[in-house]
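# A structural walkthrough
Residues per chain are reported as follows:
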Amino acid sequence: MDGGIAAVAIGGAGLLTGSLTRTFGRAKHSAPQQSAAPATTPAQSGPAPSVAAASVPVGGSAQVKDPATGDAVYIVQPKAGQYCGLSAVCTHSGCAVDAPKNGQLYCPCHGSRFDAATGAVVNGPAVKPLPKYTVTQDGDKLNLGPLRS
Ligand code: FES
């Protein structure tokens, strides 16, 4: 019985700590936002891979590395002002896909093609889309963010 009460007390303290963190972790009160997306903390968790925005024209790309995995990622701009990152690792057997060209990324190993705007499979044998990353623009720089799922 007493152990149960202690567990509840500890659980309650955990909730309180989490609540305080949430309360004081945010500087401003605004309309509810996606809490899953981390605040812009470019210098907090190691160097965020970034490239000059001018190096990624519409339809073009620049390559960076995912700091967590070391995998190559293409930062792309499929439409003016819309940036995202696409993994350069083919979802079929892990070959490196070529940089986007004519709106698609081509895998030279077995011929899969992926949509350069979404990462979706255009042609197999791959069946899963290329993993997609968030990219944020900070002035004239583009910063690679976390994987989207
Ligand atoms: Fe890319 Fe097979 S590894 S198509």
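Residues numbered from 1 in each chain as written. Predicted model: local features only at pLDDT ≥ 70, side-chain atom pairs only at ≥ 80, totals over all residues. Heavy atoms only, no water.

### Structural notes on the overall build of the protein chain
Summing up its helical and strand segments, the protein chain has one helix and nine strands in all. The order of helices and strands in the protein chain, counted from the N terminus, is α-β-β-β-β-β-β-β-β-β. The 149 residues of the protein chain split such that 26% are buried. Expressed as a percentage of contacts within the protein chain between residues at least 6 apart in sequence, the contacts between residues at least 24 apart total 35%. For the protein chain, the computed accessible surface area is about 9600 Å², with 58% contributed by carbon and sulfur atoms. (Helix = DSSP H or I, 4+ residues; strand = E, 2+ residues; numbered from the N terminus. Buried < 20%, exposed > 50% of the residue type's maximum accessible area, 1.4 Å probe, protein only. Contact = heavy atoms within 4.5 Å. Areas by Shrake-Rupley, 256 points an atom, 1.4 Å probe, with all protein chains shown as cover.)

### Examining the confidence of the model for the protein chain
Scored by pLDDT, the protein chain comes out at a mean of 76, with 68% of its residues at no less than 70. Looking over the protein chain, one finds the lowest element-wise mean pLDDT in helix H1 (residues 2-25), namely 38, and the highest in strand S6 (residues 113-115), namely 97. Low pLDDT, under 50, characterises residues 1-44; the predicted model gives this stretch four contacts beyond four residues in sequence or across chains. (pLDDT = per-residue confidence, 0-100.)

### Regarding the nonpolar core
Of all hydrophobic cores here, the largest spans 15 residues; its most connected members are Tyr 74, Cys 90, Val 97, Leu 105 and Phe 114. Put simply, the parts of the chain that give this core at least two residues each are strand S3 (72-79) and strand S4 (82-87). Top element by residues in this core is S3. It accounts for three residues. Residues contacting Cys 90, with those up to four places away along its chain left out, are Cys 95, Val 97, Cys 107, Ser 112, Phe 114, Ala 126 and Leu 130. Formed by 12 residues, the second largest nonpolar core is a distinct cluster that contains Val 56, Ala 62, Val 64 and Leu 142. (Core = buried A, V, L, I, M, F, W, Y, C linked by side-chain atoms within 4.5 Å.)

### A closer look at the environment of Val 51
Secondary-structure assignment places Val 51 in strand S1 (residues 50-52). Taking the relative accessible area as the measure of exposure, Val 51 reaches 13% and is therefore buried. A C-alpha to C-alpha distance of 8.6 Å links Val 51 and Leu 144, two positions 93 residues apart in sequence.

### Some details on the pairing of strand S8 (residues 132-138)
In terms of strand pairing, S4 meets S8 through two bridges, oriented antiparallel. Within S8, the position partnered with Gly 85 by the bridge is Tyr 133. Relative to strand S9 (residues 141-147), S8 runs antiparallel, the two sharing five bridges. Residue pairing across strands places Tyr 133 opposite Leu 147, the latter belonging to S9. Adjacent in sequence and paired antiparallel, S8 and S9 are bridged by two residues, among which Gly 139 carries a positive phi angle near 65 degrees. (Pairing = 2+ DSSP bridges.)

### Some thoughts on the environment of Ala 80
Inspection of the secondary structure assignment puts Ala 80 in the loop between S3 and S4. The class for Ala 80 is exposed, based on a relative accessible area of 66%. A C-alpha to C-alpha distance of 5.9 Å links Ala 80 and Val 58, two positions 22 residues apart in sequence.

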